[in-house]
Amino acid sequence: MMPENQRHPTGQEQSPALIQNSGQGKFEEIIIYNELRKQLKHVSLALFKELIRRFAWRKIDWRKLFLAGAVMSIAGIILPTFLLAYHRNSRSESPNGTMHFSKNLTEARLDKSQLVTSAPFVSLNSSIEAKESARVLRMRQNRRKTIDVLKVVHPPPRRSVPRHLQRYLQSLSSHEALLYAKREIEHAPLVGNVGNDSYLYAPVFRNISIFKRSYELMEMILKVYIYRDGKKPIFHQPRLNGIYASEGWFMKLMEANREFVTKEPEKAHLFYLPYSSRQLELALYVRNSHNLRPLSKFLRDYVNMIASKYPFWNRTHGSDHFLVACHDWGPFITTEHVELKDNAIKALCNADLKENFVAGKDVSLPETAIRIASKPLRNIGGGIRVSQRPILAFFAGKMHGRVRPKLLKHWLNKDADMRIYGPLSRRVSKSMSYVRHMKSSKYCICPMGYEVNSPRIVEAIYYECVPVIIADNFVLPLSEVLEWNAFSVTVAEIDIPKLKEILLAIPLKRYLQMLMNVKMVQKHFLWNPNPMRYDLFHMILHSIWYNRLNQIQIPQS
């Protein structure tokens, strides 16, 4: 016997197919009704907006308004009823008692609603669940899209400092604390050649023992005072995108920092001049004038103001002060002030030994091209397997400076393994983007532009491609602590014609080691919106701290 709720009003039993299709019919009616409501809602909103617009200009035709309102009311009542009635009549009953829908309409509706056809009933609640299931399915499909996502590996927590050591360090003057740190680094305990399981990977460092001890002492001791003087936009207003973003990101994270920043300058070991060389150029440089002296004089006057207002500059003649400048003109802008040029620590992207950069005192700043400030880690990682990389070497970029024209002269359209272009054309990028080119290449060529540095060096590390650096007299970024030979290749400008020969001469085993080292050093070049230990913000700050210690002379006992 059939259950009572599955009997036809006439008393005849209904087949399961009839019950199922009847439920599907009701569900279709609900969908059609909802769609009509949506359409009428759009029309009503359009009329309402028109009413407001005309009311604002006092051009209301009240007769037309009432007529439109009447038409809309009648349409809202009659049209859904008529269409639903028509839809019911369009279904015909077959001889075996089941009902058939129009094939195309039924398939479209069921596909849209994700209806389970085996279910005997479809209620209003189940239609809501079906829509929710469709939404969840779309979200899962979006997650499964092929995108490159950086797997963030968090560093180990800071080592706790014993209370007696904390009290001792607090009792020292700023100079005595620096002397203590330098002695401790000179006697750093040896750290073994740690393997892949360690967060710090020894092969990418010049001396892992010295770096580890120096970094720990920086965390224990270092305090930085930031001058509040200087008006925006040149001061205290970081630019977070573009090829000069490194100075902006450092400024942003330094000024927001609570671990190293102190409000008591008497306790500071370093003093930060928070200016932006890029903002200075935008504010003062007269386009095409080729006159940089107004920029240099502005910075000179600022330092003179700092020296006259505070006692800290004159105490060391600026040797415990530092600035961070990524613009190509960064070194030149300091030349009008002798102590700023010769004594202060300059963290510069343009780390050219021939342009006022002093190795061992100044810091080579990595140049990072950030396209979207809110997503500094976008597209990082995802280099494909070596066996599937079809390109030996890749470069694409504008033709400025002395090196790039030579590169194209020798390699443009000369060799299928050497994908050397000028600006990447739309035809080429349509089939393979710039980022995908890098991720599909064994080596990424990083020639200098107008100045020695290039954002391609860090891009190659981001996209897991071994960088090939072509820039004479260039002090490589963070070279105080990083062993660049372990994860990059340096080629002299004169050897550009032999570039493929040099790369092919590198044994596969060494290449694979370099590629692994690129992946291991990658975390030290990341701008994390919330800084983590050993990331790029901390690595730059450590290099400034380390070079400050290099200037300290331990008295002979």
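A short tour of the structure in this document, coming up. Here the residue numbering is sequential within each chain, running from 1 through the sequence in written order. It should be noted that, the model being predicted, local features are given only for residues of pLDDT at least 70 and side-chain atom pairs only at 80 or more, the latter also being counted only at that level, while totals for whole chains, interfaces and linings use all residues. Excluding hydrogens and water, the side-chain figures rest on all heavy atoms present in the structure.

1. Remarks on the state of the cysteines
Inference 1: The criterion for a disulfide is a pair of cysteine sulfur atoms lying within 2.5 Å. Scanning the model with the defined rule gives two disulfides in all.
Inference 2: A sulfur-sulfur distance of 2.0 Å marks the disulfide that ties C326 to C349. Looking along the S-S bond of the C326-C349 disulfide, the torsion reads about -85°, which is the left-handed sense. Note that C326 is positioned in the loop between β5 (321-325) and α12 (330-333) and C349 in the loop between β6 (345-348) and β7 (363-364), a separation of 23 residues in sequence. Considered together, C326 and C349 belong to a single accessibility category, that of buried residues.
Inference 3: Shown here is the disulfide that connects C444 with C465, its sulfur atoms set 2.2 Å apart. Classification of the bridge connecting C444 and C465 rests on its S-S torsion, roughly 115°, and on that basis the disulfide is right-handed. Residue C444 is located in strand β10 (residues 441-447), and its partner C465 is located in the loop between α17 (455-462) and β11 (466-470); the two are separated by 21 residues in the primary sequence. Runs of E in the DSSP output that reach at least two residues are strands. Runs of H or I that reach at least four are helices, and both are numbered from the N terminus. Exposure categories follow from relative accessible area, calculated using a 1.4 Å probe and restricted to protein chains: below 20% of the type maximum is buried, above 50% is exposed, and the middle band is partly exposed.

2. Focus on the side chain of S209
Inference 1: With respect to the helices, strands and loops of the structure, S209 is situated in helix α7 (residues 208-221).
Inference 2: The exposure class assigned to S209 is buried, which follows from its relative accessible area of 6%.
Inference 3: Once you skip the residues sitting within four places of it in the chain, S209 turns out to touch A188, P189, L190 and V191. Here, residues are in contact when the closest pair of their heavy atoms is within 4.5 Å.

3. A short note on the sheet that holds strand β3 (residues 224-226)
Inference 1: Ordered by their spatial adjacency, five strands build an open sheet running β3-β4-β5-β6-β7, and the pairing between neighbours is parallel. Two strands close off the open sheet at either side, each with one partner strand: β3 and β7.
Inference 2: Alignment of strand β4 (residues 270-272) against β5, held across two bridges, turns out to be parallel. Directly across from F271, in β5, lies its bridge partner H321.
Inference 3: Axis lines are fitted to C-alpha atoms, over the contacting stretch for helices. Their N-to-C directions set the angle, which ranges from 0 to 180 degrees. In the packing of helix α8 (residues 245-255) onto the sheet, contacts are made with β3, β4 and β5, and the angle to β5 comes to roughly 135°. At least two DSSP bridges between two strands are needed for those strands to be called paired.

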